[in-house]
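Structure at a glance
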Amino acid sequence: MRISAFIALFMSFAFLVQAQDNSEKTLVKTLMPEESSEVVFETKNATIGAEPWDQKGMRVEIEVISNMPVSVLEQLVKAGRYELEGRTEDGIFYVNAPKMEKQVTVRGKLLEEVINFNVKTPGYYVLSENRLMPDAGLAARGNMKRNIETVIVIKPVLKTTLKSDAQIELKTGDIKIGDEIIEIE
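The numbering scheme is per chain: residues are counted from 1 as the chain's sequence reads. Selection of residues for local features in this predicted model requires a pLDDT of at least 70, selection of side-chain atom pairs for listing and counting requires 80 or more, and totals for whole chains, interfaces and linings are taken over all residues. Side-chain measures were taken over the full set of non-hydrogen atoms in the model, leaving aside hydrogen atoms and water.

1. As for the overall build of the protein chain
Here is the rule: Secondary structure elements are taken from DSSP: a helix is a run of H or I of four residues or more, a strand is a run of E of two residues or more, and numbering for both begins at the N terminus. Only protein chains enter the accessibility calculation, which uses a 1.4 Å probe; a residue is then buried when its area is under 20% of its type maximum, exposed when over 50%, and partly exposed in between. By the convention used here, residues are in contact when the closest approach between their heavy atoms is within 4.5 Å. Each accessible area is a Shrake-Rupley estimate made with a 1.4 Å probe; only the visible protein chains count as cover when residues are assessed.
Each helix and strand in the protein chain was counted, giving three helices and 14 strands. Here the protein chain holds 185 residues, and 37% of them are scored as buried. Within the protein chain, contacts between residues at least 6 apart in sequence are counted, and of these 79% link residues at least 24 apart. Accessible surface, the protein chain: about 10,900 Å² in total, of which carbon and sulfur atoms supply 53%.

In structure tokens, the structure reads:
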């Protein structure tokens, strides 16, 4: 009986230690594609969902769930891993996050992350795979398509959901995005 109680206690402790390494962050970006007929997300390792809202432009909520403590995610945000870049070509606004495509290691351990984009758009856009396109039916019925006036990328606002209070002390060289060593402040 004592052995099974000890094993149960050990397993629950191991589970708690394991859970402390996982964290979740939500970043918010606002993009306003300039007079674009479509928006294309060029990110390969993120899932994209869309929902309408009553504002101009697009709001992109980037949810990151990782196998690292929140202190590591905070450093990755500072290093620009989740920064979105936009460009317009032939009336199409392309959104990408170049540093999200690179492999990240922390003290030699590979960063595993799930990245979800929840894109809030004016109601006249619909999502098809990685493209946001004007809803032709809605535009034809009411001619509700509005021109989006400027391109603005706002610095991220951090909203943290912390599953544990595990902290690790990081120093320069502990985190690498591809071959780039991240300086820890």
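After that view of the structure, there is still more to cover.
2. Digging into the pattern of salt bridges
Defined as follows: When a carboxyl oxygen of Asp or Glu is within 4 Å of a side-chain nitrogen of Lys or Arg, the pair counts as a salt bridge.
The full count for this structure, using the stated rule, is eleven salt bridges. Glu83 serves as the salt-bridge partner of Lys29, at 3.0 Å between the closest nitrogen and oxygen. Taken together, the positions of Lys29 in strand β1 (residues 23-31) and Glu83 in the loop between α2 (70-78) and β5 (85-89) put the pair 54 residues apart, joining distant regions of the chain. Residue classification places Lys29 among the buried residues on the basis of a relative accessible area of 1%.

3. Remarks on the side chain of Glu61
Structurally, the position occupied by Glu61 is in strand β4 (residues 58-66). Assessed through its relative accessible area of 19%, Glu61 is described here as buried. Excluding residues within four positions of it along the chain, Glu61 makes contact with Thr26, Leu27, Val28, Asn116, Phe117, Asn118 and Lys120.

4. A word on the nonpolar core
What counts here: The set of buried Ala, Val, Leu, Ile, Met, Phe, Trp, Tyr and Cys residues whose side-chain atoms join them within 4.5 Å is what this entry labels a nonpolar core.
Ranked by internal contacts, the top residues of the largest apolar core, which has 35 residues, are Phe41, Leu76, Tyr82, Phe117 and Ile175. For this core, the elements supplying multiple residues, two or more each, are β1, β2 (38-41), β4, α2, β6 (92-96), β7 (104-106), β9 (113-122) and β13 (175-177). Not counting the four nearest positions on each side in its chain, Phe117 is found in contact with Phe41, Thr43, Ala46, Thr47, Ile48, Gly49, Val60, Glu61, Ile62, Leu84 and Met100.

5. Things to note about the pairing of strand β11 (residues 131-134)
Each regular strand displays side chains that alternate between the two surfaces of the sheet. This is how it is decided: Here, a strand pair is defined by DSSP locating no fewer than two bridges between the strands.
Summarising the sheet, β2 and β11 pair through two bridges and their orientation is antiparallel. What sits directly across from Val40, in β11, is Arg131. Bridge analysis of strand β10 (residues 125-128) against β11 gives four bridges, and the strand direction is antiparallel. Each residue of the ladder has a partner; that of Leu127, found in β11, is Leu132. From the end of β10 to the start of β11, which pair antiparallel, there are two residues, and Glu129 there has a positive phi angle of about 55°.

6. Remarks on the sheet that holds β10
For clarity, the cut-off: Angles run from 0 to 180 degrees between N-to-C directions of axes, and those axes are lines fitted to C-alpha atoms, restricted for helices to the stretch in contact.
One open sheet accounts for five strands, arranged β5-β6-β2-β11-β10; its pairing is mixed. Pairing within the sheet leaves two strands with one partner each, and these edge strands are β5 and β10. Direction aside, neighbouring strands of the sheet carry axes that sit 20° apart on average.

7. As for unusual backbone geometry
Look at Asp90: it is not a glycine, yet its phi comes out positive at around 50°. Under the relative-accessibility criterion, Asp90 is labelled exposed at 82%. Notably, Arg107 is not glycine yet its phi reads approximately 50°, a positive angle. Considering the arrangement of structural elements, one finds Arg107 in the loop between β7 and β8 (109-110).

8. Quick notes on the environment of Val77
Mapped onto the secondary structure, Val77 falls in helix α2. In this structure, the C-alpha to C-alpha distance between Val77 and Leu27, residues 50 residues apart in sequence, is 8.8 Å.

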